[in-house]
Amino acid sequence: MNERQRTMFLMTLPVVILFFCFNTLPLIKGFYYGLTNFKGYGSYDFVGLRNFADLFTDSRVGHSYLFTFKYAIVCTILVNVLSLILALGLNSKIKGKSVLRGIYFIPNVLGGLVVGYIFGFIFTYILPALGQVMGIGFLSDSLLSKSSTAWIGIVIVGAWQSVAMNTIIYISGLQTVPEDVYEAGAIDGVTGWNKFKSITFPLIMPFFTINMVLCMKNFLMVFDQIMSLTKGGPSQSTESISYLIYNNGLSGGQFGFQSANAFVFFVVIVIISVAQMKFLGKKEEQL
């Protein structure tokens, strides 16, 4: 091993150790506890794969997966559409676009719990008051008080906070598109929607892939918005997988069972992310 290789090894080693300690080791321990009936305290016994088998018959776990996937899909589509529209506007030749970029990025700086508590106050007190004054029946009651509408409030908060980062990524992609390409397209009469469809979007497809994968992963792991807005209610209608694992695992005496749930959830996220990258990667090659 020469001096350069030794230097690179010493630079990489601390990162590998930290990754193993804070990522790989907890995953291994989580799988280990998933094979037990550990309650989070006291003694425990090995139960084999019983916890993993019970996950597929537990109705509460099944409902949390359905809600989480519904939330993640809706938010991913909504955020990417809004982010792309904002990025196109902020990348155009308008006055004060640097200031506007800073303003639009503010939601991403704020903590998820802080944003959730602020919107919780708005949904619970301000909007119902406005609805009663203006005679709008839909707004007269809090969005968070009904099982049929509580998820909408969570989607609004999650999307509002996530649009900022996605917009920045799309702006970065738009700035990599050479101006010569647009000029050549203009000569051929490519304008408006055709300009976006034929020139802009194919050239920013790698950035679209990044946003889609990150969005889906982050929204599948939704926790802060659930914790601050509904705590899984009403009637467990907005209970995400992460919140179920946290709530029942730490205070519900199901540490072993929820450890198995967490391990399965990790595998599901990895599979979805890999599938997205392969599918969108093929689309990039086709474009």
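Conventions used here
- Residues numbered from 1 in each chain as written.
- Predicted model: local features only at pLDDT ≥ 70, side-chain atom pairs only at ≥ 80, totals over all residues.
- Heavy atoms only, no water.
- Helix = DSSP H or I, 4+ residues; strand = E, 2+ residues; numbered from the N terminus.
- Contact = heavy atoms within 4.5 Å.
- Areas by Shrake-Rupley, 256 points an atom, 1.4 Å probe, with all protein chains shown as cover.
- Expected span 1.5 Å × (residues − 1).
- Buried < 20%, exposed > 50% of the residue type's maximum accessible area, 1.4 Å probe, protein only.
- Patch = residues over 30% accessible without salt bridge, like charges linked within 9 Å, V, L, I, M, F, W, Y side chains within 5 Å.
- Salt bridge = Lys/Arg side-chain N within 4 Å of Asp/Glu carboxyl O.
- Axes fitted to C-alpha atoms, helices over the stretch in contact; angles between N-to-C directions.
- Parallel < 35°, antiparallel > 145°, perpendicular 65-115°, else oblique.
- Left-handed = near helix turned anticlockwise from the far one by under 90°.
- Core = buried A, V, L, I, M, F, W, Y, C linked by side-chain atoms within 4.5 Å.
- pLDDT = per-residue confidence, 0-100.

J.: Describe the overall build of the protein, listing the residues and the values that go with them.
T.: Of the regular secondary structure elements, the protein holds twelve helices and zero strands. Taking the principal axes of its C-alpha atoms as reference, the protein extends roughly 75 × 75 × 30 Å. Of all intrachain contacts in the protein linking residues separated by at least 6 positions in sequence, the fraction that spans at least 24 positions is 69%. In the form shown here, the protein has an accessible surface area of approximately 16500 Å², with 68% of it arising from carbon and sulfur atoms.

J.: Pulling in residues and values, what's your account of helix α12 (residues 255–286)?
T.: With 32 residues, α12 should reach 46 Å at 1.5 Å per residue; the first-to-last C-alpha distance of 46 Å fits that figure. For α12, every residue scored as buried is listed here: G256, F257, Q258, S259, A260, N261, F265, I269, S273, Q276 and L280.

J.: With reference to specific residues and values, describe a nonpolar patch on the surface.
T.: Taken together, I94, V99, L100, I103, Y104, I106, L110 and W160 make up a surface patch of nonpolar side chains, about 690 Å² in accessible area. Of the residues forming the nonpolar patch, the biggest block, five residues, is contributed by helix α4 (residues 97–109). Tracing the backbone shows I106 in helix α4. For I106, a relative accessible area of 45% translates into the label partly exposed.

J.: Can you lay out the pattern of salt bridges for me, pointing to particular residues and giving the numbers?
T.: As enumerated under the stated definition, the model contains two salt bridges in all. Between R60 and E239 there is a salt bridge; the shortest N-O distance is 2.6 Å. Taken together, the residues span a long stretch of sequence, with R60 in helix α3 (residues 59–90) and E239 in the loop between α10 (224–229) and α11 (241–250) at a distance of 179 residues. Its salt-bridge partner being K146, residue D141 comes within 3.9 Å of it at the nearest N-O pair. Note on D141: relative accessible area 41%, which makes it partly exposed.

J.: Hey, could you go over the packing of helix α9 (residues 205–220) against α12 for me, with residue numbers and the actual values?
T.: One way to put it is that α9 packs onto α12 with a least axis distance of 10 Å and a crossing angle of 165°. With respect to α12, the axis of α9 lies roughly antiparallel. As α9 packs across α12, the resulting crossing turns out to be right-handed. Contacts from M205, P206, F208, T209, M212, V213, M216, K217 and L220 in α9 reach F265, I269, I272, S273, Q276, M277, L280, K283 and E284 in α12.

J.: Go over the nonpolar core, please, and point to the residues and values.
T.: Within the largest apolar cluster, 36 residues are counted, with the highest numbers of intra-cluster contacts made by Y71, F123, F219, L229 and F265. Elements with a contribution of two residues or more to this core: α2 (50–55), α3, α5 (112–134), α6 (150–174), α9, α10, α11 and α12. The greatest single-element share of this core, amounting to seven residues, is contributed by α3. Residues contacting F123, with those up to four places away along its chain left out, are P128, S142, L143, L144, G153, I156, V157 and L229.

J.: Explain the side chain of S228 to me, and be specific about the residues and the numbers.
T.: Checked against the element boundaries, S228 lands in helix α10. By relative accessible area, S228 is classed as buried at 9%.

J.: Pulling in residues and values, what's your account of the confidence of the model for the protein?
T.: Confidence in the prediction of the protein, expressed as mean pLDDT, is 89, and 99% of residues score 70 or more. The element-level mean pLDDT for the protein is lowest in α4, coming to 79, with α2 highest at 95.

J.: Account for unusual backbone geometry, with residues named and values stated.
T.: Of note, the amide linkage connecting G233 to P234 takes the cis form, showing an omega dihedral of -10°. Here P234 lies in the loop between α10 and α11. Not every positive phi belongs to a glycine, and K231 is a case in point at roughly 50°. Of the residues examined, K231 reaches a relative accessible area of 47% and is grouped as partly exposed. Despite not being glycine, S235 has its phi angle at roughly 55°, a positive value. As for its position among the elements, S235 is in the loop between α10 and α11.

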